[in-house]
Amino acid sequence: MLERIKEIYAYREMVFSLVRRDLKGRYKGSALGFFWTFLNPLLQLAVYTMVFSMIMRAGIADYYLFLFVALIPWIFFSTSLTGGAGCILAQQDMVKKIYFPREVLPLSYVASQFVNMLFSFIVVFAVLVFARYTLNPQAVFCLPVIMAVEFLLALGFTMVMCAVTVFVRDLEYVLGILAMAWQFLTPVMYSIEQVPKEMQWVFLLNPMTYVITAYRDVLYYGKIPRLETLLSAAAAGVLLLIIGWTLFEKLQKHFAEEL
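As the structure is a computational prediction, the values presented were derived from the model and not from experiment. Along each chain, numbering runs from 1 in the same order as the chain's sequence is written. Owing to the predicted nature of the model, reporting of local features is limited to residues with pLDDT of at least 70; listing and counting of side-chain atom pairs is limited to 80 or more, with chain, interface and lining totals taken over all residues. With hydrogens and water stripped out, all remaining heavy atoms of the structure feed into the side-chain values.

Undergrad: What is the right way to read the overall build of the protein from this model?
TA: Looking only at helices and strands, the protein has 14 helices and 0 strands in total. Note on conventions: DSSP H or I runs of at least 4 residues are helices, E runs of at least 2 residues are strands, and numbering of each starts at the N terminus. The helix and strand sequence of the protein, counted from the amino end, reads α-α-α-α-α-α-α-α-α-α-α-α-α-α. Buried, partly exposed and exposed residues are distinguished by accessible area as a fraction of the type maximum, computed with a 1.4 Å probe on protein chains only: under 20%, between the cut-offs, and over 50%, respectively. Sorting the 259 residues of the protein into buried and exposed places 48% on the buried side. Here the open area of atoms and residues is found with the Shrake-Rupley method and a 1.4 Å probe, where only the protein chains shown may cover a residue. Accessible surface for the protein amounts to roughly 13,400 Å². Of this, 68% is attributable to carbon and sulfur atoms.

And the structure:
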């Protein structure tokens, strides 16, 4: 794996180029262009806030903030998963004709979604300042660690999904439903404390539970995440990346003939 990482690093300019192309082309031709990066999460926030704060009465103080600080990271993860599943198929001509480390494709896709999340966090911090929330500087320093862990998780899952989708094309369409179900099984719109105790073990098997909890600890509660939370998330991120990379390595040998 170390040799492979060195090879991918040698192709870093290709990764940067693909990320730039994705960011520039995402909203090409639309009237609002790059502003959709900020409008999409805000529109989702408005819908969820109306449903869970006004209609279903979640009973959480400043629910819009409680939701927003978790929704942005979730959008990054789910978009990486659902969109990244087709990143090999989308570049099949390149895969069949040019040699390069195939890992570049899922890596560049997840990286572009990650940059998009970073831009969205500008809005998150603006809303926190507007709401006069006091951020704990020590807790904020934990954010890069949490983001790195989520990046590893997203990359690991995306590598699995994009590799398997080459052989099972229907997976690309099923993932939208799976991602929606996964969101409801992750404490994005509610807190883990609201889950019945007899069901909490199911949620604790979900690596995104730890990631979302850590984001919310830092940005909503203004406290340093528990070490247990960070270690659980980090362990899950590394494990998923190893599994994803291993499976990707085995399947990529047959990409060209399947495409």
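Undergrad: Honestly, the pattern of salt bridges in this entry has me stumped. Any pointers?
TA: Opposite charge on two side chains permits them to pair, given that their charged atoms come into close proximity. One speaks of a salt bridge when a side-chain nitrogen belonging to Lys or Arg is within 4 Å of a carboxyl oxygen belonging to Asp or Glu. According to the stated counting rule, one finds 1 salt bridge in the structure shown. Here Glu228 makes a salt bridge to Arg226, at a shortest N to O gap of 2.6 Å. You can call Glu228 partly exposed: its relative accessible area is 49%.

Undergrad: Help me understand helix α9 (residues 143–167), please; the structure alone is not making it clear to me.
TA: Since one α-helical turn is 3.6 residues long, residues separated by three or four positions face the same way. Here a helix's expected span is defined as the number of its residues, less one, multiplied by 1.5 Å. If you check α9, its first and last C-alpha atoms are 37 Å apart, about what 25 residues at 1.5 Å a residue would give, namely 36 Å. Counting buried positions along α9 gives 19 out of 25 residues, so the element sits mostly inside the fold.

Undergrad: How should the side chain of Ser108 be read in this particular structure?
TA: Structurally, Ser108 can be placed in helix α7 (residues 104–130). With near-sequence residues (within four places) excluded, Ser108 lies in contact with Val15, Leu18 and Val19. Any two residues having at least one pair of non-hydrogen atoms within 4.5 Å are treated as being in contact.

Undergrad: How do you make sense of the nonpolar core when you look at a structure like this?
TA: Here is a general trend for soluble globular proteins: nonpolar side chains tend to be buried in one another's company. Within the largest apolar cluster, 78 residues are counted, with the highest numbers of intra-cluster contacts made by Phe77, Ile88 and Ile146. Looking at which element gives the most residues to this core, the answer is α9, with 14 residues. Beyond its immediate stretch of four places on either side in the chain, Ile146 contacts Val211, Ala214, Tyr215, Val218, Pro225 and Leu230. We call a set of buried residues a nonpolar core when its members are Ala, Val, Leu, Ile, Met, Phe, Trp, Tyr or Cys and they connect through side-chain atoms within 4.5 Å of each other.

Undergrad: Hey, could you run me through the confidence of the model for the protein in this one?
TA: The predicted structure's coordinates, where accompanied by low pLDDT, should not be read in detail. Confidence of the predictor at the level of single residues is captured by pLDDT, which takes values from 0 to 100. Mean pLDDT over the protein works out to 83, with 88% of the residues at or above the 70 mark. Mean pLDDT values over the elements of the protein span from 66, in helix α3 (residues 36–55), up to 92, in helix α12 (residues 207–219).

Undergrad: Sorry if this is basic, but what is going on with the packing of aromatic side chains here?
TA: Ring pairs (aromatic) are described by centroid distance and by the angle formed between their planes. In summary, the pairing rule links any two rings of Phe, Tyr or Trp, Trp by its six-membered ring, whose centres are within 6.5 Å, and it sorts them by plane angle into stacked for under 30 degrees, edge-to-face for over 60 and tilted for everything else. In this structure the tally under the stated criterion is 13 aromatic pairs. Here the aromatic rings of Trp74 and Phe77 are separated by 5.6 Å at their centres, their planes lie at 45°, and the arrangement is tilted. Taken as a pair, Trp74 and Phe77 lie in helix α4 (residues 63–84) at a separation of 3 residues, close to a single helical turn. Comparing Trp74 with Phe77, the two get one shared label, buried. Aromatic pair Phe77 and Phe157: ring centres 5.8 Å apart, planes at 90°, arrangement edge-to-face. Of the two residues, Phe77 sits in helix α4 while Phe157 sits in helix α9, which places them 80 residues apart along the sequence. Like Phe157, Phe77 is buried. Members of the aromatic cluster, each reached through a chain of ring pairs, are Phe66, Tyr133, Tyr220 and Tyr221. Positioned above the aromatic ring of Phe66 is the side chain of Arg216, whose terminal nitrogen or guanidinium carbon lies 3.6 Å from the ring centre. Either the NZ atom of lysine or the CZ atom of arginine qualifies as a charge over a ring when it sits within 6 Å of the ring centre and within 35 degrees of the ring normal.

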